[in-house]
Amino acid sequence: MEVKTSLLDNMIGVGDMVLLEPLTEDSFIENLRNRFDHNEIYTYIGSVVISMNPYRSLPIFTPEKVEEYRNRNFYELSPHIYALADEAYRSLRDQDKDQCILITGESGAGKTEASKLVMSYVAAVCGKGQEVNKVKEQLLQSNPVLEAFGNAKTVRNDNSSRFGKYMDIEFDFKGDPVGGVISNYLLEKSRVVKQPRGERNFHIFYQLLSGASDDTLRKLKLDRDFSKYNYLSLDSANVNGLDDAANFRTVRNAMQIVGFMEDEVQSVLELVAAVLKLGNIEFKPESRSNGYDESRVKDKNDLKEMCELLGIEQSVLERAFSYRTVEAKLEKVSTTLNVSQAYYARDALAKNLYSRLFSWLVTRINESIKAQSKTRHKVMGVLDIYGFEIFEDNSFEQFIINYCNEKLQQIFIELTLREEQEEYIREDIEWTNIEYFNNAVICDLIENNQNGILAMLDEECLRPGTVTDITFLDKLNTVCAEHQHFESRLSKNSKFLTDHSLPHSCFRIQHYAGKVLYRVEGFMDKNNDLLYRDLSQAMYKANHKLIKQLFPEGNPAKVNLKRPPTAGFQFKHSVGTLMRNLQTKNPNYIRCVKPNDKKAPRIFTDSLVRHQVAYLGLMENVRVRRAGYAYRQAYEPCLERYKMLCKQTWPHWKGPTREGVEVLMADLQVSTEEFAYGNSKIFIRNPRTLFSLEEKRRGCLENLAALIQKIYRGWKCRTHFLLLKRSQVVVAAWYRRYAQQKKYTQIKSATIMVQSYSRGWKARKILRELKHQKRCEEAATTIAAYWHGTQARVELRRLKYVAASTRAVALIWAYWQGTKARRELRRLKEEARNKHAVSVIWAGWQGTKARRELKRLKKEARRRHAVAVIWAYWLGLKVRREYRKFFRANAGRKIYSFIMQRLMQKYFLGLKRDLPSMSPIGGSWPTRPYRFLDTAHTELRSIFHHWRCKKYRSRFTDERKAVFEEKLQASEIFKDKKALYPSSVGQPFRGDYLEISKNPKYQKLSSAMDEKVLLADMVNKINRANGKGTARIFLLTKNNFVLADQKTGQVKASVPLPDLASISVSTQNDGFFALKLKEGSAGATKGDFLLSSEHLIEIITKLRRTGATAVNHNHLDIDISDEFLVQFKQDKVCVKFVQGAPKNGNGASCKRKNNRLLEVSVPSTA
């Protein structure tokens, strides 16, 4: 049987405040304290969850806890935020009801963490898959980005949200997330220019300076020192537990996951840097001749750097800080700004720049996380917004925030009562009207279109003449003096004239959560939120692409003389839209409470919690919930829980569950006034009745536990006895077996020993017999051996005698033959000596004759040489004597000239003999013989190379020359820039690869072409939606390029070449290229073309050559980069090339990553 659990089991204090008895504010606070001390941070008020911030990590948010609360009834387990998230998700998934989760509480109460827990739980329990996981990751990673730009350190919270956030998460019919939409409310932009003591500016400023690389800071013209920036407070720049550098890396990674492109991230950081630079701009007064003061920038260095970041002319922005132009109909009046006005303009620009950047970030995130399909989706909204704020000094921001909380309280009461009434009607229970405080009168005081505070504030802001905060207060005193919830010391109501707790410059409103005193100082300026038109126009003139989007009103062509809507009007409109949105959804509430102001664990401050309980209206919530029936439960779990209290229902009830409950309640004699029977539930009016049932159940469970223990102990003893009995039998059997085995072993050992002795005696007997037989055989063998030896020796002696006689004859013959041989040898040697002597004598004589002849010849040669030398000297002497008169003045120069001419003649003749081949690619060249010919040698080599190249070119036909010109232009474009280029060098450019004029398949397409087709090839057109390619025929003529259908030959697009702005390709070994069209051209309505081809080099080369002719010799721009933008209709998509492994043996593949990113995976080359 499945064990059923309940909220009432093992309950610390009271888990549901509806059951608290007695219900007082003290008992309410004490119950919260009791549960907080036992680490029970969640408590229910019906379906509302109260969340206490523990200020430490608790082991209650693990994956095991997620599985524990998954698909469980709301009241089945102890209170937890996962129970509410699961109830909302299952209602959305199974009942098709749109849900919203409203999270409220003051700063530091844990609202942001609560929203993260809700989103992480929904992400954990919904479906899985690549696309689903991607959507979930984008939704979760949007939080770090918004926290960096919208959160700041305050005295109450180190990570306080300074804006309201409402996120609609969209789900498909299976309950899987498919996208989301984020709305932001009332960013505290005044924090940009001024922070209270002990607080910081927004996190992103500190994260950028701490975590960005030195190169990034150098590009942004920033320094890591916080003290160099006036907009950054120094007393709380470093916060314990916050690692700004690590958080900056987290934000960069989150922006990449969400879908921000690198240029967008850089643009955002440039604007953040510009805000910091803007705060350093200071002004000095300068008197004019007319007596008026005007302002001038003190140090223009920060102004210059800011203008360089934003691409604004320095003089334009400097003038905007010094002058203000007011336009009225057709007149323009320019006035100077004094120093205080210049500082106001500077701070207004900084606040507007940052707030508009934040709004742009929200819009950009929405573009990435929005659902792709346009069908209706189920929606779960999560609202994380300020709680009710009561400070010592309350201003316009607190007034707006408290107005929003009044509206949320109003809708909470309405929806809670409506939910109660619907349940009573559904269960056929009589509905009784519930008395409660309706705060509609307070909402009307604030938002009434005629006499509301916001309406009067807007009226004062628009009224001509002198308008101040005091005039606004005077108007409030006149109009709202008789209102029961409005108090002012200067009003006509005399009872507040002597109220010294109410200053003259303040007014007080009695909200549902208590009275709040508002100081009117700054109401007018903050509501106006005025940015001078000169600054808007200066911003619009910036070259920074993001600035133009943030300041559209600065466009001179769209000047609007209307005053922009006030901050109060905009927020009122946003709150109205939010309320209408929430009323269409089923609400779920999380009320966050901060236990102490020290941000420390295990500390519970009664006064602080009591204050929050009051302004969150928690006691009012409990009273509304308890106005009818305090507790209700379905019949089946009720009968399952209390059936042991009645003998008729225990242990099993056979009939319908409602009848079983009726029998149970009748047997327990519970008063009929204390409960009522609904169609599917029993309703209990008083918590005392429920606690009485629980007390009886607890006593019955003790009796049942004793009975179960008795039966269990008896069973355990019987089981133990039977186990001992079986063990004794087993032990006896094993012992008998052991004894018999031991006896058998002894008998076996004795038998083996007897057998061994017997076998040994037999063996020794046989051995003796064998030895005697062997000795007899050995004796006979010895006698036979001696006999044979005697016979052998006799025969040996006989043979030796015969051999001796034969050897003597042989020796005598051998000696005789030796004597004869020696005599013949001596005779031959004597004859040889005589012949050698004759040869030696003859050789000596011939040598003597040769030496004599050699001496004679040498003497004659010396004599002839001496004659020749003497003759040469004589001739030289004669020549010198003859020509001495001609050589006396310039003999050296002429001799030098003669020698040089001879050397040059010799050099040129040698060069003629050793000329290299006529091939233009030949690299050989004869070496120079003399160093002084170095320059001439190099120049002659160059002249020869140019001459043989000219000879080589003269043999070209016009067609071949055009091919080589295209190859040369391809080399200029792609060499050392595109990895695909080397493989295309050896491939000739054919142009018409489809033979379109000859192929009958393309006859219709060929006839449609009015011009000669220069190139025809098959390409793939990339689809933005999925990254897949569609086959198209690409045709290039003299004035157009055409894309046609592969099968039908129908022309899909025909674009004039003058409309082609540029071409983008990657640096890698792929065939993808983008044809970018000029903005405003007829062909640009559908956007650019992203194509891929196997002949990319040839296509782009011919496009550039043909395009240059078509646009009057202006070359097309070729952008070679691994990341470029392509315009698809109204959206820009980034095409990014990455290295990757080939899929299914294919080459480069394209895949859509998100709405703004197509990723091309190119196989890496080994």
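The rules behind the values
- Residues numbered from 1 in each chain as written.
- Predicted model: local features only at pLDDT ≥ 70, side-chain atom pairs only at ≥ 80, totals over all residues.
- Heavy atoms only, no water.
- UniProt positions renumbered as here; feature names shortened; annotations may be inferred.
- Helix = DSSP H or I, 4+ residues; strand = E, 2+ residues; numbered from the N terminus.
- Rg over C-alpha atoms; globule rule 2.2 N^0.38 Å.
- Buried < 20%, exposed > 50% of the residue type's maximum accessible area, 1.4 Å probe, protein only.
- Contact = heavy atoms within 4.5 Å.
- Areas by Shrake-Rupley, 256 points an atom, 1.4 Å probe, with all protein chains shown as cover.
- Lys, Arg positive; Asp, Glu negative; His and termini not counted.
- Charge placed at Lys NZ, Arg CZ, Asp CG, Glu CD.
- Phe/Tyr/Trp six-rings, centres within 6.5 Å; stacked < 30°, edge-to-face > 60°.
- Lys NZ or Arg CZ within 6 Å of the ring centre and 35° of its normal.
- Axes fitted to C-alpha atoms, helices over the stretch in contact; angles between N-to-C directions.
- Parallel < 35°, antiparallel > 145°, perpendicular 65-115°, else oblique.
- Left-handed = near helix turned anticlockwise from the far one by under 90°.
- Nonpolar A, V, L, I, M, F, W, Y, C, P; charged D, E, K, R; others polar.
- Pairing = 2+ DSSP bridges.
- Salt bridge = Lys/Arg side-chain N within 4 Å of Asp/Glu carboxyl O.
- Expected span 1.5 Å × (residues − 1).
- Arc of directions from axis to C-beta.
- 1 Å grid on protein atoms, 1.4 Å probe; cavity = no way out; pocket = protein on both sides within 12 Å on 5 of 7 lines; lining within 4 Å.
- Points joined across faces, edges and corners; volume = space filled by probe spheres on them.
- Core = buried A, V, L, I, M, F, W, Y, C linked by side-chain atoms within 4.5 Å.

The protein appears in an unreviewed UniProt entry as Myosin IB from Gadus morhua. Of the comments in the UniProt record for the protein, the one headed Sequence similarities (unreviewed entry) reads "Belongs to the TRAFAC class myosin-kinesin ATPase superfamily. Myosin family."

J.: Got a minute to help me understand the overall build of the protein in this structure?
T.: Of regular secondary structure, the protein possesses 31 helices and 31 strands. A globule of 1166 residues ought to have a C-alpha radius of gyration of about 32 Å, yet the protein, at 55 Å, is considerably larger. Within the protein, the proportion of its 1166 residues that are buried is 43%. Excluding contacts between residues fewer than 6 apart, the proportion of contacts in the protein whose partners are at least 24 apart in sequence is 64%. For the protein, the exposed surface amounts to about 65,500 Å²; the carbon and sulfur share of it is 54%. Separation between the mean location of the 188 positive side-chain charges and that of the 135 negative ones in the protein comes to 20 Å.

J.: I'm lost on the packing of aromatic side chains in this one. Help?
T.: Here the distance between the centres and the angle between the planes together describe a pair of aromatic rings. The final tally for this structure, using the stated rule, is 28 aromatic pairs. With centroids separated by 5.8 Å and ring planes inclined at 45°, the aromatic side chains of F36 and F604 adopt a geometry described as tilted. With F36 in helix 1 (residues 25-37) and F604 in the loop between strand 16 (586-593) and helix 21 (606-615), this residue pair connects regions lying 568 residues apart in the sequence. Of the two residues, F36 and F604, both sit in the buried class. Look at F283 and F321: their rings are 5.6 Å apart centre to centre, the planes differ by 70°, and that puts the pair in the edge-to-face class. Of the two residues, F283 is situated in strand 8 (residues 283-287) and F321 in helix 11 (residues 314-322); the sequence distance between them amounts to 38 residues. Across the pair, exposure class does not vary: F283 and F321 are buried alike. Aromatic rings pair up to connect F396, F399, F472, F486, F507, Y518 and F523 into one cluster. The lysine or arginine in question, K548, covers the ring of Y540, its NZ or CZ lying 4.4 Å from the ring centre.

J.: What should I look at first to understand the packing of helix 8 (residues 244-258) against helix 9 (residues 262-279) in this one?
T.: Packed helices, taken two at a time, are described by the angle between their axes plus the distance between the axes. At a minimum axis distance of 10 Å, the contact between helix 8 and helix 9 shows a crossing angle of 135°. Judged by the angle between their axes, helix 8 and helix 9 are oblique. Judged by the sense of rotation from one axis to the other, the crossing of helix 8 with helix 9 is right-handed. Residues F248, R252 and M255 of helix 8 lie in contact with helix 9, whose contacting residues are E262, V265 and L269. Grouping the constituent residues of the contact of helix 8 with helix 9 by class yields four nonpolar, no polar and two charged.

J.: What's the story with the UniProt feature "binding site: ATP" (unreviewed entry) in the protein in this structure? I'm lost.
T.: Sites flagged by UniProt as "binding site: ATP" (unreviewed entry) map to G105, E106, S107, G108, A109, G110, K111 and T112. Those residues within four positions of G108 in sequence are excluded, and the remaining contacts are N53, Y55, R156, N157 and K594. By the secondary structure assignment, K111 is in helix 4 (residues 111-125). Ignoring sequence-local partners within four residues, the contact set of K111 consists of I103, T104, G105, E106, D384, I385, Y386, G387 and C592.

J.: How should the sheet that holds strand 28 (residues 1123-1128) be read in this particular structure?
T.: Two pairing modes exist for strands in a sheet, parallel and antiparallel, and in both the strands are linked by backbone hydrogen bonds. Ordered in space as 28-29-31-30, the four strands form an open sheet in which the pairing is mixed. Each edge of the sheet is formed by a strand with only one pairing partner; in this case those strands are strand 28 and strand 30 (1149-1154). Ignoring strand direction, the axes of neighbouring strands in this sheet form an average angle of 30°. Note: strand 28 against strand 29 (residues 1131-1140), six bridges, orientation antiparallel. Note on strand 29: the bridge partner recorded for Q1127 is K1132.

J.: Help me understand the pattern of salt bridges, please; the structure alone is not making it clear to me.
T.: Where side chains of opposite charge bring their charged atoms close, a pairing between them can arise. Under the definition given, this model contains 55 salt bridges. For D223, the salt bridge identified is with K228, shortest N-O distance 3.4 Å. Of the charged contacts in the structure, one is a salt bridge between E640 and K643, with a shortest N-O distance of 3.5 Å. For E640, a relative accessible area of 29% puts it in the partly exposed group. Beyond isolated ion pairs, a larger network of salt bridges with shared partners links R162, E188, R191 and E199.

J.: In this structure, what is going on with the pairing of strand 22 (residues 1040-1045)? I would like to understand it.
T.: In the case of a regular strand, side chains alternate between the two sheet surfaces. Within strand 22, five of the six residues are buried, which leaves the element mostly enclosed by the surrounding structure. Alignment of strand 21 (residues 1029-1036) against strand 22, held across five bridges, turns out to be antiparallel. Across the sheet, the residue bridging to L1036 is F1041, located in strand 22. Connecting strand 21 to the next strand, strand 22, in antiparallel fashion are three residues. Sheet topology places strand 22 next to strand 23 (residues 1051-1056); five bridges connect them, and they run antiparallel. Residue pairing in the sheet places A1044 in a bridge with V1051 of strand 23. The turn joining strand 22 and strand 23, which pair antiparallel and follow one another in sequence, is formed by five residues; a positive phi near 75° is taken by G1049.

J.: Whenever I open this one, helix 28 (residues 958-974) confuses me. Can you help?
T.: Because each turn of an α-helix spans 3.6 residues, side chains separated by three or four positions end up pointing in the same direction. A rise of 1.5 Å per residue sets the reference length of helix 28, with its 17 residues, at 24 Å; its end C-alpha atoms lie 24 Å apart and thus fit the reference within 8%. Listing the buried residues of helix 28 in full gives E966, K967, Q969, A970, I973 and F974. On an axial view of helix 28, the arc spanned by its buried residues comes to 165°, and they lie on one face. Turned more than 90 degrees away from the buried face of helix 28 sit D958, L968 and E972, all of them exposed.

J.: Sorry if this is basic, but what is going on with empty space enclosed by the protein here?
T.: Overall, the coordinates contain nine cavities of 30 Å³ or more when judged by the stated rule. Within this model, the largest cavity holds a volume of roughly 110 Å³. Those elements that provide at least two residues to the lining of the largest cavity are helix 13 (396-426), strand 16 and helix 22 (618-626). In terms of residue count, helix 13 provides more of the lining of the largest cavity than any other element does, three residues in total. Residues that form the lining of the largest cavity fall into these classes: five nonpolar, four polar and two charged.

J.: When you look at the nonpolar core in this model, what are you seeing that I'm missing?
T.: Core analysis: the largest hydrophobic core is formed by 208 residues, its most contacted members being F28, F149, F205, L317, L349, F507 and L582. Top element by residues in this core is helix 12 (residues 339-369). It accounts for 15 residues. Those residues within four positions of L317 in sequence are excluded, and the remaining contacts are L303, M306, C307, I312, L349, L535, A538 and M539. Judged by nonpolar contacts, the second largest core, of 29 residues, contains V1019, F1034, I1097 and L1116.

J.: I would appreciate a short explanation of the sheet that holds strand 18 (residues 675-677) in the present structure.
T.: What the three strands build is an open sheet, ordered 17-19-18; its pairing is antiparallel. Strands with a single pairing partner mark the edges of an open sheet, and in this sheet they are strand 17 (631-634) and strand 18. The mean inter-strand angle of the sheet, taken between neighbouring strand axes irrespective of direction, is 20°. Pairing geometry for strand 18 and strand 19 (residues 681-684), over three bridges, is antiparallel. Looking at strand 19, one finds that A676 is bridged to F683.

J.: Explanation requested: the packing of helix 5 (residues 130-150) against helix 6 (residues 203-211) in the structure shown.
T.: Across the interface, helix 5 lies against helix 6 with an axial gap of 5 Å and an inter-helix angle of 100°. Considered as vectors, helix 5 and helix 6 are oriented roughly perpendicular to each other. Of the residues in helix 6, those in contact with E147, A148 and F149 of helix 5 are H203, I204 and Q207.

J.: Can you walk me through the pairing of strand 14 (residues 506-511) in this structure?
T.: Most of strand 14 is tucked away, with five of its six residues classed as buried. Pairing between strand 13 (residues 486-488) and strand 14: three bridges, direction antiparallel. Paired with E487 across the two strands is R508, which belongs to strand 14. Judged from the six bridges that link them, strand 14 and strand 15 (residues 514-519) form a sheet pairing that is antiparallel. The residue of strand 15 that forms the bridge with F507 is Y518. Adjacent in sequence and paired antiparallel, strand 14 and strand 15 are bridged by two residues.

J.: Help me understand the environment of V272, please; the structure alone is not making it clear to me.
T.: Tracing the backbone through its elements, the reader meets V272 in helix 9. By relative accessible area, which is 0% here, V272 ends up buried. Aside from chain neighbours lying at most four places away, what touches V272 is F149, I204, F205, L208 and L357.

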